[in-house]
Structures are given as C-alpha cells and as structure tokens.
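Residues per chain are reported as follows:
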Amino acid sequence: VLGLKESSYCQGRSGRKVGGERARRDKALDETIRTTFEENRCVYGYRMMVRALAAKGVGVSVYRVRKIMRQTGLYPVSVKRFRPGGSGRASGRYLANVLAQDFTAAEPNERWVGDITYIKTRVGWVYLATVEDLFNREIIGYAVSKRIDTELVKRALSCALGRTGASGKGTVFHSDRGIQYASKSYQTMLRAHGLVGSMSRPGCPYDNAVAESFFSTAKRECIYRKEYENLDEVRADLFSYIELFYNRKRMHSTLGYKSP
C-alpha cells in the first residue's frame, strides 16, 4: 500500500519503538542530573557532576553530562564582585616562608593555612578568618566579626586548636603578611601552642594559594548568592556552607573528588 520494501517498513517501525524508549531514558536522566545538581547547591560543573552521578550508581560520560547541562541551563554559579583592598603597616615582625608553596601534608595537623576576607552586608563590612588543614582541605577553624583585628584571627586559631587538639605538636601555620598575623600578640599565641609560624613573601598571593582558593570558592558558591542583612545572617549561612556542605559533602578535586 505504501510502496515500501518490507525490510524498510520493519526497520522504521522498530526504530520508532527504540526511539520512544530512548526518549524516556533521556528524560529520566535529565531529571536525575537536575536533582543531583540542586542537591549540591548548584555549584558543580560537569566534571564533578559525573562523579556525583557515579556515586548514585548512574554511569554516564562526561560529554553527555556536559551536553545535557547546557541544554537544560544547568550552569554552576560563578559571580564576580568587587574585592576591597587592605592597607596599614604591620606592628610585629615578619616570619620566614617555611611552607614555600608546598601545599601537601602527609597527615592531619601537619600544615595549616589561614587568611581573612571581606563580606558585604546592608549594615557594613564583616570579616571572615579561616584556618584550613592542607592534609584534607578541611576548614577546621573560622571566626566572623565586624572588626578586622588580631582578636579575629586569634579566635579562628583557637577554634582550630580546640577542634583538633594540635597544641604542642609543631604544626606549621602559614599566612600572608597581614597586620593581624604579624602582630606580636598573635605570634605569641603561636609560640604558646607550639606552632611554627610561616608567612608569604611580600606581594605574592601564590604563597597562600590554598586559602585564597577556598575564599574564591566560598564566594562563588555561597556568599555572593545572597544579600546579607546583618552579622547573624552571615554566621548562619557560613555555618551551613562550611560545616554541613563544604567539609562533609562537597567534592574536592585535590582529594580525588572526595569531600574533606
């Protein structure tokens, strides 16, 4: 009736069945990718998404995940904002660069890095100081304050010491040459707890690249996605991001795509 060969008719009919089943599978995969993307705070690119899907038992190639994410508009958050600069002269002495850009550690509490960053709220700037363990990239101590002073970094260090019990173990603590870290009060605290101080060279952010990298990640994935009313909102959001997501769940490429 149609003027077709029998083989062509059978092939076309079979193709329609296969195509329908394939469409259903593709739709299910789209939903799985979207759900996994949202479960991870919409911060994973396609490479990490492949591993997150594999952890769920979903095997799919990196090229297919990238294609589906582009088609469905699943782009990881990436926001750039103004970063205010700092000024002032350090009142204490500078320390030698013990770390020397070697960001590896064979065991926990062998090497720590710390830094400070700015967070904008509707009532003014607040400041975040962190302490990160180079062994597993975990944020083991942090503090938030309206004042960028020595007490801010001392509170972050106290948090790390209380959490790890590393006092007296000769842990190397590396920071930049900020006035807070160079103060006599802070360096006295380092010596009191048996920590070995280390500082970056002047004007070289690469010497503290791991701490800088965490701030860049935290700002893209958490801080720049909200407008904070006050200090309490910043504290609550950072606790959720650092303690519940970054340390326990978020995959880290340096760790072979495992969480800290």
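Residues numbered from 1 in each chain as written. Predicted model: local features only at pLDDT ≥ 70, side-chain atom pairs only at ≥ 80, totals over all residues. Heavy atoms only, no water.

A look at the environment of Thr104
Right, on to step 1. Locating Thr104 in the fold gives a position in the loop between helix 3 (62-71) and strand 1 (111-121).
Right, on to step 2. Among the polar contacts made by the side chain of Thr104, one reaches the side chain of Asp102 at a distance of 2.7 Å. (Helix = DSSP H or I, 4+ residues; strand = E, 2+ residues; numbered from the N terminus. Polar contact = N/O pair within 3.5 Å; in protein donor to acceptor, adjacent residues only side chain to side chain.)

With respect to the packing of aromatic side chains
Two numbers describe a pair of aromatic rings. These are the distance of the centres and the angle of the planes.
Right, on to step 1. Applying the stated criterion across every chain, the model contains 9 aromatic pairs.
Right, on to step 2. Ring geometry for Tyr241 against Phe245: centres 5.8 Å apart, planes inclined by 45°, an arrangement best described as tilted. Residue Tyr241 and its partner Phe245 are both found in helix 8 (residues 231-246); the two are separated by 4 residues, about one turn of the helix.
Right, on to step 3. Tyr241 gets classed as buried once you look at its relative accessible area, which sits at 0%.
Right, on to step 4. One aromatic cluster is present, built from ring pairs that chain together Phe214, Phe215, Tyr241, Phe245 and Tyr246.
Right, on to step 5. Here the guanidinium or amino end of Arg41 rests over the ring plane of Phe245, the centre of that ring lying 5.5 Å away.
Right, on to step 6. The side chain of Arg177 reaches across the aromatic face of Tyr94, ending 4.3 Å from its centre. (Phe/Tyr/Trp six-rings, centres within 6.5 Å; stacked < 30°, edge-to-face > 60°. Buried < 20%, exposed > 50% of the residue type's maximum accessible area, 1.4 Å probe, protein only. Lys NZ or Arg CZ within 6 Å of the ring centre and 35° of its normal.)

What about the confidence of the model for the protein chain?
Right, on to step 1. Across the protein chain, pLDDT averages 89, with 92% of residues at or above 70.
Right, on to step 2. For the stretch residues 84-92, pLDDT sits under 50, and the model shows 13 contacts to residues farther than four places along the chain or on other chains. (pLDDT = per-residue confidence, 0-100. Contact = heavy atoms within 4.5 Å.)

A few points about a nonpolar patch on the surface
Right, on to step 1. A surface patch of nonpolar side chains, about 540 Å² in accessible area, is lined by Val1, Leu2, Leu4 and Tyr9.
Right, on to step 2. Here Val1 is to be found in the segment before helix 1 (6-39). (Patch = residues over 30% accessible without salt bridge, like charges linked within 9 Å, V, L, I, M, F, W, Y side chains within 5 Å. Areas by Shrake-Rupley, 256 points an atom, 1.4 Å probe, with all protein chains shown as cover. Salt bridge = Lys/Arg side-chain N within 4 Å of Asp/Glu carboxyl O.)

Section: the pattern of salt bridges
Right, on to step 1. Taken as a whole, this structure holds 13 salt bridges when the rule is applied.
Right, on to step 2. Of the charged contacts, one joins Arg64 and Asp26 as a salt bridge, the two residues approaching to 2.3 Å between their closest N and O atoms. You can see Arg64 sitting in helix 3 and its partner Asp26 sitting in helix 1, a full 38 residues away along the chain.
Right, on to step 3. We classify Arg64 as partly exposed; its relative accessible area is 37%.
Right, on to step 4. Close ionic contact of Arg163 with Glu243 constitutes a salt bridge, the shortest N to O distance being 3.0 Å. One end of the pair, Arg163, is in helix 4 (residues 150-164); the other, Glu243, is in helix 8, and 80 residues separate them in sequence.
Right, on to step 5. Exposure remark for Glu243: the relative accessible area of 11% places this residue in the buried category.
Right, on to step 6. Through salt bridges that share partners, Glu138, Arg163, Glu243 and Arg248 make up one connected network.

What about the sheet that holds strand 1?
Hydrogen bonds between backbone groups are what pair the strands of a sheet, and the pairing can be parallel or antiparallel.
Right, on to step 1. Spatially, the 5 strands line up as an open sheet ordered 3-2-1-4-5, and their pairing is mixed. Edge strands, defined here as strands with exactly one partner in the open sheet, are strand 3 (138-145) and strand 5 (196-199). Pairwise comparison of adjacent strand axes, ignoring direction, gives a mean angle of 25° for this sheet.
Right, on to step 2. Bridge count for strand 2 (residues 124-133) against strand 3 is 7 bridges, and the pairing is antiparallel. Paired with Asp133 across the bridge in strand 3 is Glu138. (Pairing = 2+ DSSP bridges. Axes fitted to C-alpha atoms, helices over the stretch in contact; angles between N-to-C directions.)

Quick word on the packing of helix 7 (residues 209-221) against helix 8
Right, on to step 1. For the pair helix 7 and helix 8, the least separation of the axes is 11 Å and the interaxial angle reads 105°. With respect to helix 8, the element helix 7 is oriented roughly perpendicular. Residue-level contacts link Phe214, Thr217, Ala218 and Glu221 of helix 7 to Tyr241, Ile242, Phe245 and Tyr246 of helix 8.
Right, on to step 2. Within the contact of helix 7 with helix 8, the residues separate by chemical class into 6 nonpolar, 1 polar and 1 charged. (Parallel < 35°, antiparallel > 145°, perpendicular 65-115°, else oblique. Nonpolar A, V, L, I, M, F, W, Y, C, P; charged D, E, K, R; others polar.)

Thoughts on the pairing of strand 4 (residues 172-175)
Right, on to step 1. Going residue by residue along strand 4, you find Val172 and His174 tucked away on one face and Phe173 and Ser175 tucked away on the opposite face as well.
Right, on to step 2. With 4 bridges connecting them, strand 4 and strand 5 associate as parallel partners. Bridge pairing links Ser175 to Met199 in strand 5.

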